[in-house]
Amino acid sequence: MIVSEAAFDAPSLSIFSAILALACSGCCDSSSSDSKGSIPVTNSTEFFIHVVSSGGGTEEYVAPGATVTVSEGEITALISPGQGTKGIVQESTSCCTNDDNSKSCGTMTVTSDASGVSAQLEQPTCTGGGSCPYVYAGEVLAGESLVGALNRGAAREDVIVLPSLQPVDGSYRVRIAAELKETEYIDAAWLEVVDHPSGVRIVKDREGVVRAASEPGTPGRVTLASGETLGQVLDADDGVYWEGRGRDRMLDRKIRDWVDITFARPEGKSQATLLVHGRNTALVQDAYHEYMAAFGPGLPKLMRAMTRFSKYGPALQGYLRDAGFSLDVSLKRPEGWTAVEPVGPVGPAGEQTIAVPIDLPSDGSANITVRVAMLPGAWLLDSVVMSSGAPIPASSKRLDAVGSVRRPSGPASAESVDLAAIAHRDGSQVQLNTGSSIELRFVDPPRDPGIERTAALHLFGYYEENDRSPKRCIKWRALLRESLSDNSFAHHVLKRLASQDVVDRYADEANVRRPR
Amino acid sequence: MLTRLVLPLTTIAVDTRAADSEQASNEGAPATAAATERTGWLIGGYFAAFVPFGAWTTHPYAGKTLGGITYDEGLSYFGPGWGGSLEIGGKVARSAAITVDMEMTGLSTAEWDRAAQRAGSNISSHVAQFGGHVFGVIRLFHQRPWWMEARMGVGLLHVWGGEDNYDYAVSYDYSFLGAAFSLRGGVGGAYEVSRGVDLTLLLDVGTAVPGVHYSFGSAMPYFDVAAFIGPRVWLRDVGGK
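Before going into details, it helps to say that this report is about the structure given with it. These numbers come from a predicted model, not from an experiment.

**Considerations on the interface of chain A and chain B**
- Each partner contributes residues to the interface: chain A has 21 residues there, and chain B has 28 residues.
- Where chain A packs against chain B, one counts zero salt bridges.
- Counting residues per element, the ones that place at least two in the side of chain A that touches chain B are β2 (49-53), β3 (58-62) and β5 (74-79) of chain A.
- Per element, the largest residue contribution to the side of chain A that touches chain B is five residues, and it comes from β3(A).
- When the residues that make up the side of chain A that touches chain B are grouped by side-chain class, the tally is 10 nonpolar, eight polar and three charged.

In structure tokens:
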């Protein structure tokens, strides 16, 4: 990620020196970075092939059916000369580092057919990978919070609605956990309980404001970007998803796939609320870690050094949105498509419903059409419905935690310290290292009979990804090249998606269920 | 004279005695006679010709049919080449010397280039080798102005090469070539052309391991026959003592 110069305020000397030190600590385009992994390349053609790796290692005359090993990097496989056939393919490969600092590298298989030579990549999977705090409603994983709040400069408030959270023995118990390779910093945490009539859905919007929505209207017609009709996939939260995988379409110069959803115009309404329910995929999260790791072990350090700049947070959010972590929503008006506020990333751990307010076009048309676009493979959309009911009477209360329990357990004095730290947004923080969690207890206040109550957890904080490597070098050329390249991250995701398609096909044939 | 050459050990002994008798007969003789005995440091510069032979010179396609194209059993990857050699050394005994030789030559890949182009591939390949050896040299025969010697040496041979593939605008090094432990031996002859300067011809046979190692199969040792021709200068003798 490159933050434009315009985003910087005048840096302090110490920060500038830190950045300069990182910048001058060497380029790790060749061998000065973490040790390179080895990629097995299998020749599944009927020809001899040459395999050339930019990371080092060349193997000529690889016999049909043979497997050789070359260093990770840009791997070029070409049909060896003199066989009456030509063909060449180039793929970018990378390895990832596990918790035990061992390397996991994918594999590459070279095949050929009448159209030429192609390569299939099996991308590596490594244990862990930084992410955001996991939130449990009781013992049930509800989802992730503070998605995209990477490093101190991006600290923000986030809300996660917990529709399944119910009081036990008069108390709500919510657990915040650092389950992946990250450290969470929670400055403030409180529970908002909303009392509302039955049948009302409590959701949050992009700003973290909790809203009450009712009378959701299901989609009338859902049309894919290809023109085909999707059917009744997005009309209910039923675990049946739409995942855009069309890879050859552009929208506003970004690689995107989309659906156009038509609703019946609510009578007498000038505004409505789109309720988008879904989650990000593990694929896009893994792709992000691979993509960032490719720029060298110094990049996370550089990003942390840049968090002092006030524009770091907005720049990061802008990058995540443009890269495809958000859903792009637009409304069809007589003059064309108009962008509406996007749906921010929610992470892959659990689905969330995000409310998107829209001003209905005043053309009096019978139908309202919205377009929801995603980076292919980045989202699983469960439902998109429209709420346009009358304002719903709902009252909310803020609950502060009255008890906390650390896991693994800490000293007895830690509870009071933790409660004081998260009571207010005051700079004092609860720090959760990888594998630890904190369970907060909130007292359920009395409620009126016949009223339902839904809780939403508010957090203010950020997270830092664990930095395994002591090295500081950055692959500047690769970073500059990718930053100047349009849809750079999208192309990386598409490669991942191509490999995933191969795996999914084999899984389908073997009747093996694969996690998404 | 020929009988002495057939029995090298005997020849060495005979030559030594001949040299001794020659020197004995020359005791008290004018200084010009003593100059025939080479002494001190030497330096030689040679034109070198290498002829590789053995399985390692055969192309992986030899005898195969690929893409409808059948290649000869004897399709050669590496062929004769030429270059240069530098020799530095000195006498360590009356009939013995130690030299350090460094040679660098190219090897021909023309046959492979032509075969690939006939198959429709536009390539240009190149191979070269660099060797450094320490030789022990024994004088076999000396009858002014002629010398004959045998030498045996060990060292390192580094063969490298690559290919420019114009079909794809891709170039790559040959990973199946590399450094190898080398053993060389042979005979040589010299003709004294002037004080301290011999025109020298050396003929060697050499081998080096591990040699060529493709991703399939086992390594094949290098073998070659080499000839070196050029002046060898005995520095002390040239100095006129």
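Having put the structure on the table, let's press on.
**Considering empty space enclosed by the protein**
- The tally for this structure, following the rule as stated, stands at four cavities of 30 Å³ or more.
- In terms of lining, the largest cavity is formed by 20 residues, of which the most central are V147(A), G148(A), Y288(A), F325(A) and Y463(A).
- Counting residues per element, the ones that place at least two in the lining of the largest cavity are α2 (282-293), α4 (312-323) and β33 (452-465) of chain A.
- The biggest single contributor to the lining of the largest cavity is α2(A), with four residues.
- Class assignment for the residues of the lining of the largest cavity results in 11 nonpolar, seven polar and two charged.
- Volume-wise, the second largest cavity comes out at about 160 Å³.
- Along the wall of the second largest cavity there are 16 residues; nearest its centre are K91(B), R139(B), E149(B), R232(B) and W234(B).
- Secondary-structure elements contributing two or more residues to the lining of the second largest cavity are β5 (96-107), β6 (123-143), β7 (146-165) and β11 (220-234) of chain B.

**Focus on the pattern of salt bridges**
- Summed over the entire model, instances satisfying the criterion amount to 28 salt bridges over all chains.
- Its salt-bridge partner being D205(A), residue R211(A) comes within 3.0 Å of it at the nearest N-O pair.
- The exposure class of R211(A) is partly exposed, given its relative accessible area of 30%.
- Judged by its relative accessible area of 7%, D205(A) is buried.
- With a closest N to O distance of 2.7 Å, D260(A) and R371(A) form a salt bridge. You can see D260(A) sitting in strand β22 (residues 257-264) and its partner R371(A) sitting in strand β27 (residues 367-374), a full 111 residues away along the chain. Judged on exposure class, the residue D260(A) and its partner R371(A) are both buried.
- Linked through salt bridges whose partners overlap, the residues forming this network are E87(B), D101(B), E149(B), R151(B), R184(B), D204(B), D224(B) and R232(B).

**Some thoughts on the packing of aromatic side chains**
- On inspection of all chains with the given rule, the structure shows 26 aromatic pairs over all chains.
- Aromatic side chains Y214(B) and F216(B) sit 5.4 Å apart centroid to centroid with 5° between the ring planes, which places their arrangement in the stacked category.
- Taking relative accessible area as the criterion, F216(B) reaches 30% and is therefore assigned partly exposed.
- Geometry around W190(A) places R398(A) over its ring, the cationic atom sitting 4.1 Å from the centre.
- Here the guanidinium or amino end of R151(B) rests over the ring plane of F135(B), the centre of that ring lying 3.8 Å away.

**Section: the sheet that holds strand β30 (residues 403-407) of chain A**
Residues and elements named next belong to chain A.
- An order of β12-β11-β14-β32-β30 is seen for the five strands of this open sheet, with the pairing classed as antiparallel. The open sheet has two edge strands with one neighbour each: β12 (140-144) and β30. Sheet twist, expressed as the average angle between the axes of neighbouring strands with direction ignored, equals 25°.
- Across seven bridges, strand β14 (residues 171-177) lies against strand β32 (residues 437-443) in antiparallel orientation. Residue pairing for β32: Y172 is matched across the bridge by F442.

Cut-offs applied
Residues numbered from 1 in each chain as written. Chains lettered and ligands numbered in written order. Predicted model: local features only at pLDDT ≥ 70, side-chain atom pairs only at ≥ 80, totals over all residues. Heavy atoms only, no water. Contact = heavy atoms within 4.5 Å. Salt bridge = Lys/Arg side-chain N within 4 Å of Asp/Glu carboxyl O. Helix = DSSP H or I, 4+ residues; strand = E, 2+ residues; numbered from the N terminus. Nonpolar A, V, L, I, M, F, W, Y, C, P; charged D, E, K, R; others polar. 1 Å grid on protein atoms, 1.4 Å probe; cavity = no way out; pocket = protein on both sides within 12 Å on 5 of 7 lines; lining within 4 Å. Points joined across faces, edges and corners; volume = space filled by probe spheres on them. Buried < 20%, exposed > 50% of the residue type's maximum accessible area, 1.4 Å probe, protein only. Phe/Tyr/Trp six-rings, centres within 6.5 Å; stacked < 30°, edge-to-face > 60°. Lys NZ or Arg CZ within 6 Å of the ring centre and 35° of its normal. Pairing = 2+ DSSP bridges. Axes fitted to C-alpha atoms, helices over the stretch in contact; angles between N-to-C directions.

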